[in-house]
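Tertiary structure, described
Here are the chains, one letter per residue:
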Amino acid sequence: MELRQLEHFVAVAEEQHFTRAAERLAVSQSGLSASVRALEHELRTPLFSRTTRTVRLTEAGAALLVEAERTLAGARAARDAVDAVRGLLRGTLTLGVEQCVAGVSTARLLAAFHREHPHMEIRLRQEGTSSLLEGVAGGRLDLAFAATVHPPEWRGELVPLAREPMVLLCAPGHGLAREGARVAWGELRGESFIDFHPDWGPRRAADGAFASAEARRTVALEVSDVHSLLELVHEGLGIAVVPQHFARKPEARGLVAVELDGAHVYESVVVLPPAQAMSPGAKALMKLVREAPLR
């Protein structure tokens, strides 16, 4: 079994398509298919269930994917460590980020990182909190910016970025749009809510806030991006409980942000692996994260 075969296998697993995986790796599709078949032959079991339209992992393939990602991450870390000793920072930095993380400008941070380490390839993955945790734990991600993360047995480090209250966001003219006032959770009963999919940090924070207040709600409209949420609130199709910094976005101009009684705190953090597993690229990025101008 070769690292090249594992790279081919992981690419097909992630793309769920041989042609897209071959394009991503800049190899021929026939060569990629032959590499995967050779791996299946060596392991004596199919790794993918193939049809004319879909490519899905078998049970054996799913088991291999976890170990393949860990093996490839270890190989990258070994190469990066040698380069670091030589005074070079090369390789790949794979960063995961929650869409709505606060306390750091991802674009400015990565631009500064690229200026300081131009030979490092940067890969960015935008995912929900649970996927980010799994990615860092499995070595698929070097580190991640996530939200409201409180796993019971996280062995790595969680570096705080920002803490802020959740607020109620509604369109002008709504019965709860009272600037300077506070709204009790009981007043939200019967309202229609707009929110993110359950894995996104703001949704997890809002769900936690309602659970703590022993209040029930109905999420009528689920979205996967901030702009859609704000646009729907503007149109009066519902209200939203969101992190306070949402109200400062240009797209939120004209909306009313109302304080909530005993508002739940929204926390943004950097999710890091155990210290001994941190790649040189992750360490260099964290050095920049701790610099005030980028916060």
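Residues numbered from 1 in each chain as written. Predicted model: local features only at pLDDT ≥ 70, side-chain atom pairs only at ≥ 80, totals over all residues. Heavy atoms only, no water.

**What to know about the nonpolar core**
Quick reminder of the rule: Take the buried Ala, Val, Leu, Ile, Met, Phe, Trp, Tyr and Cys residues and link them wherever side-chain atoms come within 4.5 Å; each set so joined is a nonpolar core. Burial status follows relative accessibility: with a 1.4 Å probe on protein chains alone, a residue under 20% of its type maximum counts as buried, one over 50% as exposed, and anything between as partly exposed. In this description a helix means any DSSP run of H or I spanning at least four residues, a strand means any run of E spanning at least two, and both kinds are numbered starting from the N terminus.
If you look at the biggest cluster of nonpolar residues, it comprises 36 residues, and the most contacted ones within it are L168, L188, F196, L229 and V241. Going through the elements one at a time, β6 (157–170), β8 (192–196), α7 (201–212), α8 (226–234), β10 (240–243) and β11 (256–260) are the ones with two or more residues in this core. No other element matches β6, which puts 5 residues into this core. Core analysis: the second largest hydrophobic core is formed by 24 residues, L89, L95, V101 and M278 among them.

**Brief notes about the packing of helix α1 (residues 3–15) against helix α2 (residues 18–25)**
Heads up, the rule is: Lines fitted to the C-alpha atoms define the axes, with helices restricted to the stretch that makes contact. Angles between their N-to-C directions range from 0 to 180 degrees. Each angle receives one of four descriptions, namely roughly parallel if under 35 degrees, roughly antiparallel if over 145, roughly perpendicular if within 65 to 115, and oblique otherwise. Left-handed describes a crossing whose near helix is turned anticlockwise from the far helix through less than a right angle; right-handed describes the clockwise counterpart. We call two residues in contact whenever any of their non-hydrogen atoms come within 4.5 Å of each other. Note on residue categories: nonpolar means Ala, Val, Leu, Ile, Met, Phe, Trp, Tyr, Cys or Pro, charged means Asp, Glu, Lys or Arg, and polar means any other residue, Gly included.
Two numbers describe how α1 lies on α2: the axes approach to 8 Å, and their chain directions differ by 125°. When the interaxial angle is binned, α1 and α2 end up oblique. Crossing of α1 over α2 shows right-handed handedness. When α1 is examined against α2, the residues E7, H8, A11, V12, E14 and E15 are found in contact with a partner set consisting of F18, R20, A21, R24 and L25. Its residues assigned to classes, the contact of α1 with α2 comprises 5 nonpolar, 1 polar and 5 charged.

**Brief notes about the pattern of salt bridges**
For clarity, the threshold we go by: One side-chain nitrogen of Lys or Arg within 4 Å of one carboxyl oxygen of Asp or Glu is enough to make a salt bridge.
Considering all chains together, one arrives at 16 salt bridges under this definition. A salt bridge links E15 to R24, with the nearest nitrogen and oxygen atoms 3.2 Å apart. Since its relative accessible area comes to 24%, E15 is described here as partly exposed. Linking R70 and E67 is a salt bridge whose minimum nitrogen-to-oxygen distance equals 2.9 Å. One end of the pair is R70 and the other is E67, both in helix α4 (residues 59–85) and 3 residues apart, which spans about a single turn. Among the ionic contacts, a cluster of salt bridges with common partners joins D195, R203, D207, R217 and E222.

**Section: the pairing of β11**
Put simply, the rule is: Being paired, for any two strands, means DSSP has found at least two bridges between them.
Residues V256, V258 and L260 point to one face of β11 and are all buried, whereas A257 and E259, pointing to the other face, are not buried. In the sheet, strand β7 (residues 182–183) pairs with β11 via 2 bridges, with the strands oriented parallel. Its bridge partner lying in β11, R182 is registered against E259.

**Topic: the pairing of β6**
In terms of strand pairing, β6 meets strand β12 (residues 265–272) through 8 bridges, oriented antiparallel. Bridge assignment links P160 to a residue of β12, and that residue is V269. Direction of pairing for β6 relative to β10: antiparallel, over a ladder of 4 bridges. Counted as the bridge partner of L168 is V241 from β10. For β6 and β11, the ladder comprises 3 bridges, and the chain directions are antiparallel.

**Focus on unusual backbone geometry**
Glycine aside, residues mostly have negative phi, and peptide bonds are mostly found in the trans state. Here the phi dihedral of Q16 falls at roughly 55°; this positive angle occurs in a residue that is not glycine. Position of Q16 among the secondary structure elements: in the loop between α1 and α2. Within the chain, A26 stands out as a residue other than glycine whose phi angle is a positive 60°. If you trace the backbone, A26 turns up in the loop between α2 and α3 (29–43). With a relative accessible area of 71%, A26 lands in the exposed category.

**Some details on the environment of L143**
Position of L143 among the secondary structure elements: in strand β5 (residues 143–147). Residues L143 and A257 lie 114 residues apart in sequence; the distance between their C-alpha atoms is 32 Å. Each residue touching L143, except ones within four places of it in the same chain, is listed here: L93, T94, L95, G96, V136, V270, V271, L272, A282, L285 and M286.

**Observations regarding α8**
An α-helix turns once every 3.6 residues. As a result, residues three or four positions apart point the same way. As a reminder of what qualifies: To be clear, the arc concerns the directions from the helix axis to the C-beta atoms. Identification of polar contacts relies on pairs of N or O atoms within 3.5 Å, with a donor-acceptor requirement for protein atoms, meaning one able to donate a hydrogen and the other able to accept it, and with residues adjacent in sequence counted only if both atoms are side-chain atoms.
Considered for burial, the residues of α8 that qualify are V226, L229, L230 and V233. The buried residues of α8 occupy one face: seen down the axis, they fall within an arc of 95°. Two to three positions downstream of the cap, the backbone nitrogen of H227 sits 3.3 Å from a side-chain oxygen, assigning the N-cap of α8 to D225.

**Some remarks on the packing of aromatic side chains**
Rule in force here: Within 6.5 Å between ring centres, the rings of Phe, Tyr and Trp (the latter by its six-membered ring) count as paired, and their orientation is classed by plane angle as stacked under 30 degrees, edge-to-face over 60, tilted in between. For a lysine, the NZ atom is tested; for an arginine, the CZ atom; a charge sits over a ring if that atom is within 6 Å of the ring centre and within 35 degrees of the ring normal.
The tally for this structure, following the rule as stated, stands at 5 aromatic pairs. Taking 6.0 Å as the distance between ring centres and 70° as the angle between the ring planes, the aromatic pair formed by F18 and F48 counts as edge-to-face. Of this pair, F18 sits in helix α2 while F48 sits in strand β1 (residues 48–50), placing them 30 residues apart in sequence. On the basis of relative accessibility, which here comes to 10%, the residue F18 falls in the buried class. Exposure remark for F48: the relative accessible area of 4% places this residue in the buried category. If you follow K249 out to its NZ or CZ, it ends over the ring of F246, 5.9 Å from the centre.

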